[in-house]
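As a plain string of letters, each chain reads:
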Amino acid sequence: MDEVSYVRFQSTVRNGRGTYSGVFGLINGLAREGHLSEEQERFRRVNNDWYNAAYADPSHTDPSVYDREVNPRAAAWFKSSARHLIERVDGYLEILAAHGVECRMVRSVDPGRVVYEDADQIVVVPYGD
């Protein structure tokens, strides 16, 4: 049986909390700071709404998933089988590139201690935390 692999789109540098911001956090940060054009903001809203409808928010199932005391540096990863979710990330990457924000795709078969899992994603605390 093939090992399940996981995919994450994240910044190339750690943020102030010592984590690598994910693609959605990076885009939402640009939006909060007012950096997106009207077209980019429209894309963000439509696609964020689509993602919100397409898969579960782990913190709605278990509020402790992203609790910094309980699960420091917790990060979400797509399962590689969730192609319907991964293929929509390209538009976000184009917006980030237009703003000079580097974002890379990272793959792993074991990204950390799993604290949440569903059909499309896992949330892990990286080993060593």
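Use the structure listed above.
Residues numbered from 1 in each chain as written. Predicted model: local features only at pLDDT ≥ 70, side-chain atom pairs only at ≥ 80, totals over all residues. Heavy atoms only, no water.

**A word on the packing of helix H1 (residues 23–32) against helix H2 (residues 38–54)**
Then comes step 1: Where H1 meets H2, the axes come as close as 11 Å, and the angle between the chain directions of the two elements is 140°. The orientation of H1 with respect to H2, classified from their angle, is oblique. Both H1 and H2 take part in a crossing whose hand is left-handed. Listed contacts from H2 to Phe-24, Ile-27, Asn-28 and Ala-31 of H1 are Glu-41, Arg-44, Asn-48 and Tyr-51. (Axes fitted to C-alpha atoms, helices over the stretch in contact; angles between N-to-C directions. Helix = DSSP H or I, 4+ residues; strand = E, 2+ residues; numbered from the N terminus. Parallel < 35°, antiparallel > 145°, perpendicular 65-115°, else oblique. Left-handed = near helix turned anticlockwise from the far one by under 90°. Contact = heavy atoms within 4.5 Å.)

**Some words on the nonpolar core**
Then comes step 1: In terms of nonpolar packing, the biggest core is built from 18 residues, with Phe-9, Val-23, Tyr-51, Phe-78, Leu-85, Val-89 and Leu-96 touching the most fellow members.
Then comes step 2: Contributing elements (two or more residues each) for this core: strand E1 (6–11), H1, helix H4 (83–86) and helix H5 (89–98).
Then comes step 3: Among the elements that take part in this core, H1 stands out by supplying five residues, more than any other.
Then comes step 4: Discounting residues that sit within four places of it in the chain, Val-23 has contacts with Phe-9, Val-89, Tyr-92, Leu-93, Leu-96 and Cys-103. (Core = buried A, V, L, I, M, F, W, Y, C linked by side-chain atoms within 4.5 Å. Buried < 20%, exposed > 50% of the residue type's maximum accessible area, 1.4 Å probe, protein only.)

**Some points on the pairing of strand E5 (residues 121–125)**
Then comes step 1: The element E5 is largely enclosed, with a buried count of five among its five residues.
Then comes step 2: By the bridge criterion, four bridges tie strand E2 (residues 75–79) to E5 in an arrangement that is antiparallel. What sits directly across from Phe-78, in E5, is Gln-121.
Then comes step 3: Pairing of strand E4 (residues 113–117) with E5 involves four bridges; the strand directions are antiparallel. Along E5, the bridge assignment pairs Glu-117 with Ile-122.
Then comes step 4: If you look at the hairpin formed by E4 and E5, you'll find three residues sitting between the two strands. (Pairing = 2+ DSSP bridges.)

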